[in-house]
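The lines below spell out each chain.
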Amino acid sequence: MAWRANNRTLQILGAAEKGRYGVLAAIVYNVEHITAFVRAAESRRSPLIIQLFPSSLDQTPSLIYAASAAAKHASVPISVHLDHAQDFHQIQHVADHLPFDSIMVDMSHYEKEENLSKTSRLREYCHARGIAVEAETGRIEGGEDGIMGTGDLEGILTNAEDVEQFISAGVDFLAPSVGNLHGDYGPKGPQLDMDRLGQVFQALEGRANLVLHGTNDFSPELCRVCIEAGSPSSTSTS
Ligand SMILES: [Zn+2]
């Protein structure tokens, strides 16, 4: 599909996977956040994904236009992503009217079958409008701003079968549940199942990109290990 080559989020994620580096996806709540993140990305010559929560679309409806303009005029690749969109009709409205490059279609508060069928329908809707789609496999524990349900659900770790099901739903990038949390990791810090993260990446077989939620408390070292687990193995022996 021709739109894929021009989709900024897919360009950024594709280049990162190929180049074996990670890209920060940062939530913004106001214009100052956008300015600061874009300036930081430009000064480090780094790509960036700017994220908005659905609640911001109600609270500060003009913010998406500021983010989109900032992304378009930046001197580094920047895309704008809607994080944890959980409302079927809101996602359709966003896809029809707002300048997002990608949307996380988060139907994880439904049982698996309904989650998959709703994800698949919304994916079709978004793709028809040139918007890339992220989905969550398993359940990432903890709550986020204005996001319903996730705080009460027991985290369920992602397995290869989940990956296959979401790939057949046609999503472009996957957020696995491998012990990562939304919110506070507590005194022990993040306890990730790194083998599982590597297995999820292998199971994707290049059919979708891998993304990770709940990385606020990650040390630079843990970020490096995660990036390594989500990178294609080097074919060069030198
Ligand atoms: Zn998240």
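Residues numbered from 1 in each chain as written. Predicted model: local features only at pLDDT ≥ 70, side-chain atom pairs only at ≥ 80, totals over all residues. Heavy atoms only, no water.

With that settled, the discussion passes to the UniProt feature "active site" (unreviewed entry) in the protein. As annotated in UniProt, the feature "active site" (unreviewed entry) corresponds to Asp83 in the numbering used here. Mapped onto the elements, Asp83 comes out in strand 3 (residues 78-85). (UniProt positions renumbered as here; feature names shortened; annotations may be inferred. Helix = DSSP H or I, 4+ residues; strand = E, 2+ residues; numbered from the N terminus.)

Now for the pairing of strand 5 (residues 132-136). Note on strand geometry: in a regular strand, side chains alternate between the two faces of the sheet. Most of strand 5 sits out of view: five of its five residues are buried. Side-chain alternation along strand 5 places Ala132, Glu134 and Glu136 on one buried face and Val133 and Ala135 on a second face that is also buried. Note: strand 4 (residues 102-105) against strand 5, three bridges, orientation parallel. The partner of Ser102 across the bridge, within strand 5, is Ala132. Each parallel crossover has a hand, and the one from strand 4 via helix 7 (residues 112-127) to strand 5 is right-handed. (Buried < 20%, exposed > 50% of the residue type's maximum accessible area, 1.4 Å probe, protein only. Pairing = 2+ DSSP bridges. Right-handed = clockwise from strand over helix to strand, strands pointing away.)

Per the UniProt record, the feature "binding site: Zn(2+) 2" (unreviewed entry) sits at Asp106 and Glu136. Judged by maximum C-alpha separation, these annotated positions cover 31 residues in sequence but sit close together in space, the widest gap being only 6.4 Å. In this structure Asp106 touches His84, Ala85, Gln86 and Glu136, once residues within four positions along its chain are discounted. Under the relative-accessibility criterion, Glu136 is labelled buried at 2%. Once you skip the residues sitting within four places of it in the chain, Glu136 turns out to touch His84, Met104, Asp106, Ser108, Phe166, Ala175 and His182. (Contact = heavy atoms within 4.5 Å.)

It is worth spelling out the layout of surface pockets at this point. Considered as a void within the structure, the largest pocket measures approximately 1,500 Å³ in volume. Every element with two or more residues in the lining of the largest pocket is listed here: helix 2 (8-19), strand 1 (25-27), helix 3 (31-43), strand 2 (48-52), strand 3, helix 9 (194-204), strand 7 (209-210) and helix 10 (220-229). When the residues that make up the lining of the largest pocket are grouped by side-chain class, the tally is 27 nonpolar, 14 polar and seven charged. By volume, the second largest pocket amounts to about 190 Å³. In this structure, the second largest pocket is lined by Ser108, Tyr110, Glu111, Lys112, Asn115, Gly138, Arg139, Ile156, Asn159, Asp162 and Phe166. Those elements that provide at least two residues to the lining of the second largest pocket are helix 7 and helix 8 (160-168). Here the residues of the lining of the second largest pocket are counted per class, giving three nonpolar, four polar and four charged. (1 Å grid on protein atoms, 1.4 Å probe; cavity = no way out; pocket = protein on both sides within 12 Å on 5 of 7 lines; lining within 4 Å. Points joined across faces, edges and corners; volume = space filled by probe spheres on them. Nonpolar A, V, L, I, M, F, W, Y, C, P; charged D, E, K, R; others polar.)

Within the secondary structure, Asn180 is located in the loop between strand 6 (173-175) and helix 9. Of note is the side chain of Asn180, whose polar atom sits 2.8 Å from the backbone nitrogen of Val178. A distance of 3.0 Å separates a polar side-chain atom of Asn180 from the backbone oxygen of His213. (Polar contact = N/O pair within 3.5 Å; in protein donor to acceptor, adjacent residues only side chain to side chain.)

Another point: the nonpolar core. One finds Ile50, Leu52, Phe100 and Ile103 to be the most contacted residues of the largest nonpolar core, which totals 53 residues. The element contributing the most residues to this core is helix 9, with five residues. In contact with Leu52, other than residues within four places in its own chain, are Val28, Leu57, Leu63, Ile64, Ala67, Val80, His81, Leu82, Asp83 and Phe100. One finds Leu13, Phe173, Ala175 and Val211 within the second-largest nonpolar core, a separate group that totals 10 residues. (Core = buried A, V, L, I, M, F, W, Y, C linked by side-chain atoms within 4.5 Å.)

A separate point is the side chain of Asn7. Its location among the elements puts Asn7 in the loop between helix 1 (2-6) and helix 2. One polar contact links the side chain of Asn7 to the main-chain carbonyl oxygen of Asp101, over a distance of 2.8 Å. Here Asn7 is in contact with Asp101, Gly130, Ile131 and Ala132, once residues within four sequence places are set aside.

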